[in-house]
Amino acid sequence: MSTTDPKPEKKRLPRKEFAPDVRLETLAVREGLPSTEWGENSEGLFLTSSFNHPDAATAAARFANEEEAFVYTRFSNPTTMMFERRLAALEGTEAAIATSSGMSAIMLLVMGLLKAGDHVVCSRSVFGSTIKLLQGEFGKFGVQTTFVSQTDVAEWRAAIQPNTKLLFAETPSNPLTEVCDIAQLAEVAHAAGALLAVDNCFCSPALQRPTKLGADLIIHSGTKYLDGQGRVVAGAICGSEQLIENVFVPVMRSAGMSLSPFNAWVVLKGLETLSIRMAAQSASALALATWLEAHPGVARVYYPGLPSHPQHELAMKQQGGLGGAVVSFIAKGEGAEAARRNAFAVIDHTRICSITSNLGDTKTTITHPATTSHGRLTEDQRQAAGITQGMIRVAVGLEHIEDLKADLASGLNSIV
Ligand SMILES: *Cc1c(COP(=O)(O)O)cnc(C)c1O
């Protein structure tokens, strides 16, 4: 702080101290807030909407933002803060802000950074609701978005306008697992004076840390691998303290897309097992993808961990050598009608996999994207997106790999 600055140093909440080289697995279990005077070992769940102040002067200092403290759960709660600190530690960012869902994290991102007349460049392959939110809702408020190829950096560069403020990417994509080059997109963004935000839902910080590759902000749906057990809906933005405190916290204070402390606690505890789940689920996904590629009932497999994947090398470099837990494949069949019938047969023969569009669960999920997550697209849009009628997406969980193979073999053997 400069000597000419008349403002006194803001009084901060205590932090846990760690050695600078402490590892991700340790932070995943230990980062948070110091325990209370009761010495609880597991993190406390603070189900309270507001917090008391010792006296009126302290209340005034806290409302004037001169003292960091818990005031009101819409924007400050100890359980939520423990989740934010732990997630930021895992992503290697200075700070994080928790939101009620992954989509509300993206809403907060746009509300905080952009105004009418600003322009966004976004991959065409991002989560469907992200496209609807940017194009539809924010389009109404005068924020324009250009959608470009997931993998062709030249298209991103060509889409930049003088008013471009944000580039938005998600990698790998759903369900085709296309990988974009985060470092290259960061260069394109920064050359244009824009920020790069990356939706890191599919990899989680256990595999991929986008700000280490140059991204400015990370979006999470905590609903997926961070919770990892399919229990709650949650989200977050990770980034610099400057952006989180000065840009996003004020919007959270007035707009209130807050994460409930209960859900924050669930996701906080989910983070403790994140890296072992991601390693185990990625290993099973690779084994399943390899087996599927050799099955006569399968026309094609999409999985970044397979050498046949078009961006395999980039994915391995960017994702710490792991492919993630999502595998998509095409059931064989002549023509769209037969392909869909065969895909349905594979799904309907399963007895273990859950037929649901969610992912990031310890329970393996199976879905037919063309008639569910991408069912609202026209057939032409689906063809352009590469989502054919034979396609099946599997998000691999923690069941035994041989049981999963047997579960899929039952339907696949019936169509060959
Ligand atoms: C699920 C998902 C979201 C939205 O998250 P919610 O928590 O469901 O709101 C955003 N991005 C990706 C990649 C997702 O898979």
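That block above? That's the structure.
Parameters at a glance
- Residues numbered from 1 in each chain as written.
- Predicted model: local features only at pLDDT ≥ 70, side-chain atom pairs only at ≥ 80, totals over all residues.
- Heavy atoms only, no water.
- Near = heavy atom within 4 Å.
- Polar contact = N/O pair within 3.5 Å; in protein donor to acceptor, adjacent residues only side chain to side chain.
- 1 Å grid on protein atoms, 1.4 Å probe; cavity = no way out; pocket = protein on both sides within 12 Å on 5 of 7 lines; lining within 4 Å.
- Points joined across faces, edges and corners; volume = space filled by probe spheres on them.
- Helix = DSSP H or I, 4+ residues; strand = E, 2+ residues; numbered from the N terminus.
- Nonpolar A, V, L, I, M, F, W, Y, C, P; charged D, E, K, R; others polar.
- Domains from an automatic or database assignment.
- Core = buried A, V, L, I, M, F, W, Y, C linked by side-chain atoms within 4.5 Å.
- Buried < 20%, exposed > 50% of the residue type's maximum accessible area, 1.4 Å probe, protein only.
- Contact = heavy atoms within 4.5 Å.
- Arc of directions from axis to C-beta.
- Axes fitted to C-alpha atoms, helices over the stretch in contact; angles between N-to-C directions.
- Parallel < 35°, antiparallel > 145°, perpendicular 65-115°, else oblique.
- Left-handed = near helix turned anticlockwise from the far one by under 90°.

Participant: Account for the site of the ligand, with residues named and values stated.
Facilitator: Taken together, the neighbourhood of the ligand is formed by 13 residues, with Gly102, Asp199, Ser221, Thr223 and Lys224 sitting nearest. Thr223 places a polar side-chain atom, nitrogen or oxygen, 2.6 Å from an oxygen atom of the ligand.

Participant: Kindly report on the layout of surface pockets, identifying the contributing residues and their values.
Facilitator: When its volume is computed, the largest pocket comes out at roughly 1100 Å³. Of all the elements in the fold, those that place two or more residues in the lining of the largest pocket are α3 (78–91), β1 (95–99) and α9 (241–255). With nine residues, α9 is the largest single contributor of residues to the lining of the largest pocket. The computed volume of the second largest pocket comes to approximately 970 Å³. Arg124, Val126, Ile131, His374 and Leu377 are, among the 33 residues lining the second largest pocket, the residues nearest its centre. Mapped onto the lining of the second largest pocket, the elements with two or more residues apiece are α5 (128–140) and α14 (379–385). Residue contributions to the lining of the second largest pocket peak at five residues, all from α5. Of the residues in the lining of the second largest pocket, the class split is 11 nonpolar, 16 polar and six charged. Three or more residues apiece are contributed to the lining of the second largest pocket by two domains, here domain 1 (24–271) and domain 2 (274–415).

Participant: Before we move on, can you summarise the nonpolar core with the specific residues and values?
Facilitator: The biggest cluster of nonpolar side chains holds 39 residues, and the ones touching the most others in it are Phe83, Leu87, Leu90, Tyr225, Leu271 and Leu274. For this core, the leading source of residues is α3, giving seven residues. Formed jointly, this core draws a minimum of three residues from each of two domains, domain 1 (24–271) and domain 2 (274–415). Apart from the residues within four sequence positions on either side, Leu271 is in contact with Ala28, Phe83, Arg86, Leu87, Leu90, Leu226 and Arg277. If you look at the next biggest cluster of nonpolar residues, it comprises 30 residues, including Ile106, Leu109, Leu114 and Phe138.

Participant: Give a detailed account of helix α7 (residues 182–191), specifying residues and quantitative values.
Facilitator: Looking only at α7, the buried set comprises Ile182, Leu185, Ala186, Val188 and Ala189. End-on, the buried residues of α7 take up no more than an arc of 160 degrees, which puts them together on one face. Within α7, the exposed residues directed more than 90 degrees away from the buried face are Glu187 and Ala191. The backbone nitrogen of Ala183 lies 3.3 Å from a side-chain oxygen of the residue at the head of α7, namely Asp181. Gly193 sits one or two residues past α7 and shows a positive phi near 70 degrees.

Participant: Which residues make up the packing of helix α4 (residues 102–113) against α5, and what are the values?
Facilitator: Direction vectors running N to C along α4 and α5 enclose 40 degrees, while the axes themselves pass 10 Å from each other. The pairing of α4 with α5 is recorded here as oblique in orientation. Crossing handedness for the pair α4 and α5: right-handed. Facing Met103, Ile106, Met107, Val110 and Met111 of α4, the residues of α5 in contact are Ser129, Thr130, Leu133, Leu134 and Phe138. By residue class, the composition of the contact of α4 with α5 is eight nonpolar, two polar and no charged.

Participant: Which residues make up empty space enclosed by the protein, and what values do they have?
Facilitator: Applying the stated rule across the entire model yields one cavity of 30 Å³ or more. Here the largest cavity is characterised by a volume of approximately 30 Å³. Lining the largest cavity, in full, are Pro172, Thr177, Phe202, Pro304, Gly323, Gly324, Ala325 and Val326. Looking at the lining of the largest cavity, its residues break down into five nonpolar, three polar and no charged. Here the lining of the largest cavity gathers at least three residues from each of two domains, domain 1 (24–271) and domain 2 (274–415).

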